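# Descriptive structure summary
Each chain is listed here by its residues.
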Amino acid sequence: MKREEYISDEMVVKRVNEAVRIELEKKKALDVPIVIYDRETQIIYQENSDGSRVEVGRRMRRGRYSERVTQKA
């Protein structure tokens, strides 16, 4: 492939976002629960198609892997 045939990074991000949106709509239509991670509270939820949320778990570790490894050494 030539460099001119590549798509831009913005187009890749746009396509990925649309693919995720379509997949979430499909799961809602099929009445399949989805899993959502809330970054602020760091809680993992299972959201049903009716909008109800059930807490599944919490984040176990904090920080990046490289930061945790250097703290132990």
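Residues numbered from 1 in each chain as written. Predicted model: local features only at pLDDT ≥ 70, side-chain atom pairs only at ≥ 80, totals over all residues. Heavy atoms only, no water.

## Here's the deal with a nonpolar patch on the surface
- A contiguous nonpolar patch, built from Ile7, Met11, Val12, Val16, Val20 and Leu24 and spanning about 460 Å² of accessible area, is present on the exposed surface.
- Checked against the element boundaries, isoleucine 7 lands in the segment before α1 (9-29).
- According to the relative accessible area criterion, isoleucine 7 is partly exposed, its value standing at 43%. (Patch = residues over 30% accessible without salt bridge, like charges linked within 9 Å, V, L, I, M, F, W, Y side chains within 5 Å. Areas by Shrake-Rupley, 256 points an atom, 1.4 Å probe, with all protein chains shown as cover. Salt bridge = Lys/Arg side-chain N within 4 Å of Asp/Glu carboxyl O. Helix = DSSP H or I, 4+ residues; strand = E, 2+ residues; numbered from the N terminus. Buried < 20%, exposed > 50% of the residue type's maximum accessible area, 1.4 Å probe, protein only.)

## Focus on the sheet that holds strand β1 (residues 34-38)
- An order of β1-β2-β3 is seen for the three strands of this open sheet, with the pairing classed as antiparallel. Bordering the open sheet on either side are β1 and β3 (53-58), each of which pairs with just one other strand. Here the strands of the sheet are splayed against their neighbours by 30 degrees on average, with no regard to which way each runs.
- Here five bridges tie strand β2 (residues 43-47) to β3, and the two strands are oriented antiparallel to one another. Bridge pairing in β3 places isoleucine 44 opposite glycine 57. (Pairing = 2+ DSSP bridges. Axes fitted to C-alpha atoms, helices over the stretch in contact; angles between N-to-C directions.)

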